[in-house]
Amino acid sequence: MKKVEAIIRYEKLNDVRDALEQLGYPGITITDVKGHGKQEGPRRQWRGKEYKVELLPKIKIEIVVLDEDLGKTVNAITRIARTGEVGDGKVFVIPVENAYRVRTGDAGENAI
Amino acid sequence: MKKVEAIIRYEKLNDVRDALEQLGYPGITITDVKGHGKQEGPRRQWRGKEYKVELLPKIKIEIVVLDEDLGKTVNAITRIARTGEVGDGKVFVIPVENAYRVRTGDAGENAI
Amino acid sequence: MKKVEAIIRYEKLNDVRDALEQLGYPGITITDVKGHGKQEGPRRQWRGKEYKVELLPKIKIEIVVLDEDLGKTVNAITRIARTGEVGDGKVFVIPVENAYRVRTGDAGENAI
Amino acid sequence: MPQVEIAINTVWVMVAAFLVFFMQPGFAMLEAGFTRAKNVANILMKNFMDFCMASIGFWAVGYAIMFGAGNIFAGSSYFFLSGIPDQTFGLPTLAFWFFQLAFAGAAATIVAGAMAERTKFSAYLIYSLIISALIYPIVGHWVWGGGWLGELGFLDFAGSTVVHSVGGWASLMGAIFLGPRIGKYRRDGSANPIPGHNLALAALGTFILWFGWFGFNPGSTLSGMDFGLIAKVAANTNLAAAAGALVALGAAWAKTRKPDFGLTMNGALAGLVAITAPCAFVSPLSALIIGAIAGLVMFGAVFLLERIRIDDPVGAIPVHGFCGLWGTLAVGLFHESAGLFFGGGWAQLGIQGIGTAAVFGWVVLTMGAVFFTLKKTIGIRVSAREEVMGLDIGEHAVSAYPDFVTKG
Amino acid sequence: MPQVEIAINTVWVMVAAFLVFFMQPGFAMLEAGFTRAKNVANILMKNFMDFCMASIGFWAVGYAIMFGAGNIFAGSSYFFLSGIPDQTFGLPTLAFWFFQLAFAGAAATIVAGAMAERTKFSAYLIYSLIISALIYPIVGHWVWGGGWLGELGFLDFAGSTVVHSVGGWASLMGAIFLGPRIGKYRRDGSANPIPGHNLALAALGTFILWFGWFGFNPGSTLSGMDFGLIAKVAANTNLAAAAGALVALGAAWAKTRKPDFGLTMNGALAGLVAITAPCAFVSPLSALIIGAIAGLVMFGAVFLLERIRIDDPVGAIPVHGFCGLWGTLAVGLFHESAGLFFGGGWAQLGIQGIGTAAVFGWVVLTMGAVFFTLKKTIGIRVSAREEVMGLDIGEHAVSAYPDFVTKG
Amino acid sequence: MPQVEIAINTVWVMVAAFLVFFMQPGFAMLEAGFTRAKNVANILMKNFMDFCMASIGFWAVGYAIMFGAGNIFAGSSYFFLSGIPDQTFGLPTLAFWFFQLAFAGAAATIVAGAMAERTKFSAYLIYSLIISALIYPIVGHWVWGGGWLGELGFLDFAGSTVVHSVGGWASLMGAIFLGPRIGKYRRDGSANPIPGHNLALAALGTFILWFGWFGFNPGSTLSGMDFGLIAKVAANTNLAAAAGALVALGAAWAKTRKPDFGLTMNGALAGLVAITAPCAFVSPLSALIIGAIAGLVMFGAVFLLERIRIDDPVGAIPVHGFCGLWGTLAVGLFHESAGLFFGGGWAQLGIQGIGTAAVFGWVVLTMGAVFFTLKKTIGIRVSAREEVMGLDIGEHAVSAYPDFVTKG
Ligand SMILES: Nc1ncnc2c1ncn2[C@@H]1O[C@H](COP(=O)(O)OP(=O)(O)O)[C@@H](O)[C@H]1O
Ligand SMILES: Nc1ncnc2c1ncn2[C@@H]1O[C@H](COP(=O)(O)OP(=O)(O)O)[C@@H](O)[C@H]1O
Ligand SMILES: Nc1ncnc2c1ncn2[C@@H]1O[C@H](COP(=O)(O)OP(=O)(O)O)[C@@H](O)[C@H]1O
């Protein structure tokens, strides 16, 4: 099992979710995060003074998938979340040793 | 060392924390997340129109534990967080290569 | 590649970010979390009754780095985020199997 | 009465009525601010519908019972405002009605706070109609409508008892029949603070209530020609509020070593409620003392209720029930001629005691019966699941702050 | 007129004008609460600047057109208030001007809600100046300033048509020319609810508007000496609001099985808008019925607009447009002497029909032209990117809630 | 004076006083909105206690100093309101007292904003009592209570100097003695914007203040019989506010290419403060010009203060200090008979200059001494740790928004 951890643009969340639905609607966990990579934030001002917000709001998606589903999941996300401009985000793949379904106590692959 | 990453119901957080206290009160990090697995969200309406909220608020618990404590920690969480209805959540186990305590600089098992 | 996951004090975020800037300004993702380790929260009261907030707000920083950058990144964080009082936080190192840059589709080390 | 004087009275009383109406958002903001984010839409709806129910109920029935000709117990003419005279007390009757309606709405909406975060919306609407159409108007008739308490010489200038204690004791019965919120008391019986979700709203609500009280008390002269009294009542009202807040601040500071936000806000309201009965009969210095003591009464009552495990999320019972009682009794002590401390002897104090006891008994019995019946029929409390999830989702299928990440 | 009477009139009308002014934050809070967090600063700025633009525009031009001597179509003296008489309608002219200005500001700011979350700030400012300086004053002249509709016997006591329908139909044109918000309609044409971000603000706004309406309607007697009428207007206003809210609550409950927050708030406003024209001419019972029907009119119009894919985030068109229309027609039905139901025959109803149709036509044509021109020149809509990011960042480079974690 | 006239005066001045009281939540919401979430309960408590302290202080001492018989420097009778005559200036004295109290409360609470986010609560309470019981009343005596400035012919109709500059210059001293907030200035001396946490509250506060100003200025006629003046003052007040907002909007837009939220809100207040002195003496066109220039004065002062590293989180010093000064001087320029631009020569302008300078000197010296003493004794600033954590937790052990996830 692997955890796919994707940091994407806010406005892409719905599209990505639609795309994942095609892949069998896997369980998904979403977190509001802020981050910066190479993207510059939009200028802000307060009472006439400008300042930069260096940390931009992003969406973190976490999906734990079976090894065989890894490729298509990563693919779907990178394809759909892309705009081609800086700030599109990253996808990280992290090993998962085990999983449990709380409702039933099932462990391992059955828990996904 | 392992990271136990559990996605549970909001209302179960306090019970789970009580149970963990019995296990020696490990350090814990909590994040507000949203997610969906098999559970359907409660119906919402706005100005007379219904809509579904597909992403439900959940609590993510992260606890880094020594390998020997893994079993009982996972056990405690799955047991206490269970209601038996869809939406109870998942527990994932993720390998951790190292840990550091910022206050002292201790590394490895001493840092937990 | 490794993911450096650090839980630090709120008020240390800016200093840590300044320090990381020296290291070549790596991409970074930040999440608002709550947690407890050994630190006691400040006393609160509501309408004349005291209570304890056991979960204190903390900042989680996630940085995915190349293996060769791991040491100095962890070092910078533990050094700068330290006050010496309980509550300074933890740094965990988690293996990352792969990374993708959404904008370009680049995978592996090029994606960082 | 000369046309010009009626005009002055009308302008004065209408403006006062608008201010009393404006106390509704004061209650709404205060109660919303002192409760949790997951129940905000629900409490707002309750406050909002209170005034709607009162408007209809006090038009159809309430006014007739309160001010209709009848016996010393209740009036029985003017249902649906039919047959009302052109003028009443030197005012167009519709102006007088509207001013009184605003009071009925206030009595009803006090209760929403004490019953917050767990009461079924449908049961609440029924309660709300009953109190503003029946329970409150009967007390009003006794004191202001030609009933037995008024005849006895009971003095309650603007409603410490008639409005506030009625609301406060109804709150008490509501809180008892409902039981405490889930999580309010620990297994060992100790209380668990449940902080309000938005102190800016709570402060705004308190300020608005203070503002509205300048309609409530000074407007109760019912006459703009009574200028000396208007000025005195306004000054007394304000001094009592300030003293109540200061004393509550001090008491909390002494007890907890911190200047407590919630109790200070409640302290101002305690002073305001207490001065409502005596404001026309006492000197500014007395007003200040009455308000200061009200701060302590409220303070003590908050902890008393917690000890006996009654859960009143916003402090409605201490503020409106206990301080309404205190203020009404204070007339018997501080009245400039009839008060015990001013050489008036015990008579007035005795009458004040009878009045407050009678109203307490009446409200406890009738509202007890209402809540009991509701509980046994449609139920007054939401399911535990709904309560944990929040009444906004459960009862109204909305979230008050859908754009914000909340702690739940 | 005796000095004392002028004084009473002035005090009354000034207080009423202050209350009408206070409707501005009512609109601001309601509209902000019913839209998303990312557009809050923008909508607040629009509401705020509306009154600033109106103050200048109605001083320089608007008053002259509305109340200057001229022909039956428009006035043409008193530009920049030059040459105004000391008194007008028994009031100092500046007091009368200020009261009227507050109305002009209300008409303008209604539109902000319907055009929320996507309109360019600069285009909005231009629109705002034009409506308060030209479009609204011309309608005002027709009905209240000596124009043809007034002469015809068209009755609109406080502005169901003059103020609210003007705002409502301007909203309609704005919403049409703008098109719906991104995400409002799905590919299959079905509507996608976009919940408001802060229901506490929305409720506060609604309460403030209700409060302000006590200046709007009763103040429109323009005389404190008219005490009987003042009282009647206030009572009617309140009953209609309550009935509108109750009926809207009931309708929504029946349809969706939940007591709906947003529609209930809108229901009270529906009742208020509808009673604005007839409040001086009808009985309390009629007021109640007019308000109740207004609740249904609003309810129906909300769903109608969604079916024809017009996106009005706060319900300005149903409330101000449709209920303004309904209330104005209701004069022809419920007028105590001239109304169809009271034996007055069809004449008044006919006149009311002509008036509402004329105003509809005028506003649709002129505002259509304004929005068309703006669209073709500087543009009226922000870029899709700015809309998604939020107008606060895009137009004003601020975040309304920078300390909070939001869902975006 | 005929009873009817006293009644009209009383009704008018009481309503005005209520509106001025209502400015307190205006200040509270504005100041809370313009500062950070972690300091909200603290600033609200400060605003709230300001009025409580003023109520007691102005009852016990302040009124005596301001309006008691005495010398040209200070009054010395009527302590604790003892021995006051039944009527003063054609009003019940208690009504007059209450109106004046509301002004004293406003002067005190202005300062909370400039000292926000770092001032110790206990020290603040002491400051608050001193300004409303001593510092402000002495200035009030000089100008309105029979003191030397009034005798000299100094004109300040409703308090640009007496109320606003007193608050503004006290703010200046407070901000200087406190020093800037942690993080406000970078090592290189450049300013670091610290955005306010809730622009909806800020806009609400600004609207409420504007609303309250209609009590502040028109109410300062102290007479409802003075209807012509009332109307003129109200119209002027409104025009100046609108002009101030528009000019500030334009200036910010020109400088930063964005219509700035915070400066526009402050612009309206700048216009309001500036017109407060001259509103009774100038034409509407002059009012508009005075307000417009005030927008620029405020704009310039904001940047000036930043350059000299004074940290005023809400802009109290630019708005109340600088625009109060400008408005008072403007009397000497625009007075319809005595103004320089209206053929009155330099005399009045000279007197205005003397008055503003004297008040500046008095406030700077006395408040400087007060803050210096507080700093050397109990301290005026919270610890750096408390400041970083927020004063809500540190001073009051609460969180204003415990249900929300905040960025800290
Ligand atoms: N090395 C990294 N570690 C953790 N998060 C990262 C890393 N690089 C980027 N991110 C996250 O991805 C988001 C988008 O990155 P960005 O660099 O702006 O995109 P790109 O470079 O692909 O255009 C950032 O805001 C940050 O949250
Ligand atoms: N494969 C997964 N990857 C990541 N998060 C998941 C996954 N499956 C479930 N979750 C998280 O767990 C929560 C509860 O899951 P759900 O499927 O509703 O529970 P269950 O199926 O055990 O009844 C979801 O809201 C989501 O946040
Ligand atoms: N074992 C752990 N697993 C996950 N998070 C932890 C763990 N230990 C500590 N934390 C996180 O680190 C934060 C600071 O820890 P704390 O124990 O108070 O610091 P220290 O012990 O180094 O003084 C906690 O609030 C929690 O969020």
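Residues numbered from 1 in each chain as written. Chains lettered and ligands numbered in written order. Predicted model: local features only at pLDDT ≥ 70, side-chain atom pairs only at ≥ 80, totals over all residues. Heavy atoms only, no water.

Counting secondary structure elements, chain D contains 14 helices and two strands. Taking 22 Å as the expected radius of gyration for a compact globule of 408 residues, we find that chain D reaches 20 Å, a close match to that expectation. Considering only C-alpha atoms, chain D reaches an extent of 60 × 50 × 35 Å along its principal axes. Evaluated residue by residue, chain D yields a buried proportion of 75% over its 408 residues. A separation of at least 24 residues holds for 77% of the contacts in chain D among residues at least 6 apart in sequence. For chain D, the exposed surface amounts to about 10100 Å²; the carbon and sulfur share of it is 66%. (Helix = DSSP H or I, 4+ residues; strand = E, 2+ residues; numbered from the N terminus. Rg over C-alpha atoms; globule rule 2.2 N^0.38 Å. Buried < 20%, exposed > 50% of the residue type's maximum accessible area, 1.4 Å probe, protein only. Contact = heavy atoms within 4.5 Å. Areas by Shrake-Rupley, 256 points an atom, 1.4 Å probe, with all protein chains shown as cover.)

Here we come to the overall build of chain A. Counting its regular elements, chain A contains two helices and seven strands. In terms of C-alpha radius of gyration, chain A reaches 17 Å, well past the compact-globule figure of 13 Å for 112 residues. C-alpha atoms of chain A, sized along the principal axes, occupy 60 × 25 × 20 Å. When the 112 residues of chain A are sorted by exposure, 61% land in the buried category. Restricting to contacts in chain A with at least 6 residues of sequence separation, those with at least 24 account for 69%. Element-wise, carbon and sulfur atoms account for 43% of the exposed surface of chain A, whose accessible area totals about 4500 Å². Taking the average location of the 20 positive side-chain charges in chain A and that of its 18 negative ones, the two points are 7 Å from each other. (Lys, Arg positive; Asp, Glu negative; His and termini not counted. Charge placed at Lys NZ, Arg CZ, Asp CG, Glu CD.)

A separate point is the pattern of salt bridges. With the rule as written, the count across this model stands at 45 salt bridges over all chains. We note a salt bridge from D69 of chain A to K72 of chain A, for which the minimum N-O separation is 3.5 Å. A relative accessible area of 41% places K72 of chain A in the partly exposed class. We note a salt bridge from R381 of chain F to E387 of chain F, for which the minimum N-O separation is 2.9 Å. (Salt bridge = Lys/Arg side-chain N within 4 Å of Asp/Glu carboxyl O.)

This part is about the packing of aromatic side chains. What the rule picks out here adds up to 123 aromatic pairs over all chains. Centre to centre, the rings of F21 of chain D and W210 of chain E are 5.2 Å apart; their planes meet at 40°, and the pair counts as tilted. Of this pair, F21 of chain D sits in helix α1 (residues 3–33) while W210 of chain E is found in helix α7 (residues 199–216), placing the two residues in two different chains. Look at Y124 of chain F and Y127 of chain F: their rings are 5.1 Å apart centre to centre, the planes differ by 55°, and that puts the pair in the tilted class. With Y124 of chain F and Y127 of chain F both in helix α4 (residues 121–144) and three residues apart, the pair spans about one turn of that helix. Across this residue pair, the class does not change: Y124 of chain F and Y127 of chain F are buried. Three or more aromatic residues joined by ring pairs make a cluster, and in this case those are W12, F207, W210 and F214 of chain D together with F18, F21, F48, F51 and F98 of chain F. Positioned above the aromatic ring of Y124 of chain E, the side-chain terminus of K46 of chain E is 5.6 Å from the ring centre. The cationic tip of K184 of chain F hangs over the ring face of Y185 of chain F; the distance from NZ or CZ to the ring centre is 5.9 Å. (Phe/Tyr/Trp six-rings, centres within 6.5 Å; stacked < 30°, edge-to-face > 60°. Lys NZ or Arg CZ within 6 Å of the ring centre and 35° of its normal.)

With that out of the way, let us pick up the environment of A231 of chain D. If you trace the backbone, A231 of chain D turns up in helix α8 (residues 227–256). On the basis of relative accessibility, which here comes to 0%, the residue A231 of chain D falls in the buried class. The sequence separation of A231 of chain D and A280 of chain D amounts to 49 residues, and the corresponding C-alpha distance is 9.7 Å. Filtering out sequence-adjacent residues up to four positions away, A231 of chain D remains in contact with M14, P92, L94 and A95 of chain F.

All names here are of chain E. Between helix α1 (residues 3–33) and helix α3 (residues 93–114), whose axes approach to 9 Å, the crossing angle comes to 15°. Taken as axis vectors, α1 and α3 run roughly parallel relative to one another. The handedness of the crossing between α1 and α3 is left-handed. Residues T10, V13, M14, A16, A17, F18, V20, F21, Q24, F27 and E31 of α1 lie in contact with α3, whose contacting residues are A95, F98, F99, A102, F103, G105, A106, T109, I110, A112 and G113. Grouping the constituent residues of the contact of α1 with α3 by class yields 16 nonpolar, five polar and one charged. (Axes fitted to C-alpha atoms, helices over the stretch in contact; angles between N-to-C directions. Parallel < 35°, antiparallel > 145°, perpendicular 65-115°, else oblique. Left-handed = near helix turned anticlockwise from the far one by under 90°. Nonpolar A, V, L, I, M, F, W, Y, C, P; charged D, E, K, R; others polar.)

Before going further, it helps to examine the interface of chain E and chain D. Listed per partner, the contact involves 58 residues of chain E and 56 residues of chain D. Here chain E meets chain D over a buried area of about 4600 Å², counting both sides, of which 85% is carbon and sulfur. Counting across the chain E and chain D interface gives zero salt bridges. No other element matches the 15 residues that helix α8 (residues 227–256) of chain E contributes to the side of chain E that touches chain D. (Buried area = accessible area lost by both parts, 1.4 Å probe.)

Inspection of the secondary structure puts H396 of chain E in helix α14 (residues 391–396). In terms of polar contacts, H396 of chain E uses its side chain to reach the backbone carbonyl oxygen of P259 of chain F, at 2.9 Å. Apart from residues no more than four positions distant in its own chain, H396 of chain E is found in contact with Q45 of chain A, N42, M45, F121 and L391 of chain E together with K258 and P259 of chain F. (Polar contact = N/O pair within 3.5 Å; in protein donor to acceptor, adjacent residues only side chain to side chain.)

Residue and element names in this part refer to chain C. Note that strand β3 (residues 43–46) and strand β4 (residues 49–52) share four bridges and pair antiparallel. Each residue of the ladder has a partner; that of Q45, found in β4, is E50. Here β3 folds back onto β4 in antiparallel fashion, the turn holding two residues, of which R47 has a positive phi close to 50°. (Pairing = 2+ DSSP bridges.)

Relative to chain D, chain E is turned by 120° and slid 0.0 Å along the rotation axis, the superposed coordinates differing by an RMSD of 0.0 Å. The superposition of one copy onto the other is thereby described by a three-fold rotation axis. Distance from the rotation axis, computed per C-alpha, reaches its smallest value in chain E at V405 of chain E: 3.3 Å. Comparing interface residues between copies, only 19% of those in chain E also lie at the interface in chain D; the contact surfaces differ. (Least-squares fit on C-alpha atoms with pLDDT ≥ 70 in both.)

So, on to the packing of helix α8 (residues 227–256) of chain F against helix α9 (residues 261–276) of chain F. Residues and elements named next belong to chain F. Two numbers describe how α8 lies on α9: the axes approach to 7 Å, and their chain directions differ by 145°. The element α8 and its partner α9 pack so that their crossing is right-handed. Within the contact between the two elements, α8 uses N236, T237, A240, A241, G244, A245, A248, L249 and A252 and α9 uses L263, T264, G267, A268, G271, L272 and I275. Looking at the contact of α8 with α9, its residues break down into ten nonpolar, six polar and no charged.

Turning our attention to unusual backbone geometry. All names here are of chain E. Even without being a glycine, F89 presents a positive backbone phi close to 50°. Among the structural elements, F89 can be located in the loop between β1 (87–88) and β2 (91–92). Owing to a relative accessible area of 52%, F89 belongs among the exposed residues under this scheme.

Looking now at the pairing of strand β1 (residues 2–8) of chain A. Residues and elements named next belong to chain A. With seven of its seven residues buried, β1 lies for the most part within the structure. Burial of β1 is two-sided: the residues K2, V4, A6 and I8 facing one way and the residues K3, E5 and I7 facing the other way are all buried. Bridge analysis of β1 against strand β6 (residues 90–95) gives six bridges, and the strand direction is antiparallel. Residue pairing for β6: E5 is matched across the bridge by F92. Pairing analysis gives seven bridges linking β1 to strand β5 (residues 56–65), with the strands arranged antiparallel. For I8, the partnering residue across the bridge sits in β5 and is I59.

The next subject is the nonpolar core. Y136 of chain D together with Y136 of chain E are the most contacted members of the largest nonpolar core, which totals 531 residues. Those residues in contact with Y136 of chain E, other than ones at most four positions away along the chain, are F58, M66, Q100, F103, A104, A107, I131, W144, V162, V163 and V166 of chain E. Counting residues in each nonpolar core, the second largest holds 30 residues, with M1, I7 and V96 of chain A together with L66 of chain C among its members. (Core = buried A, V, L, I, M, F, W, Y, C linked by side-chain atoms within 4.5 Å.)

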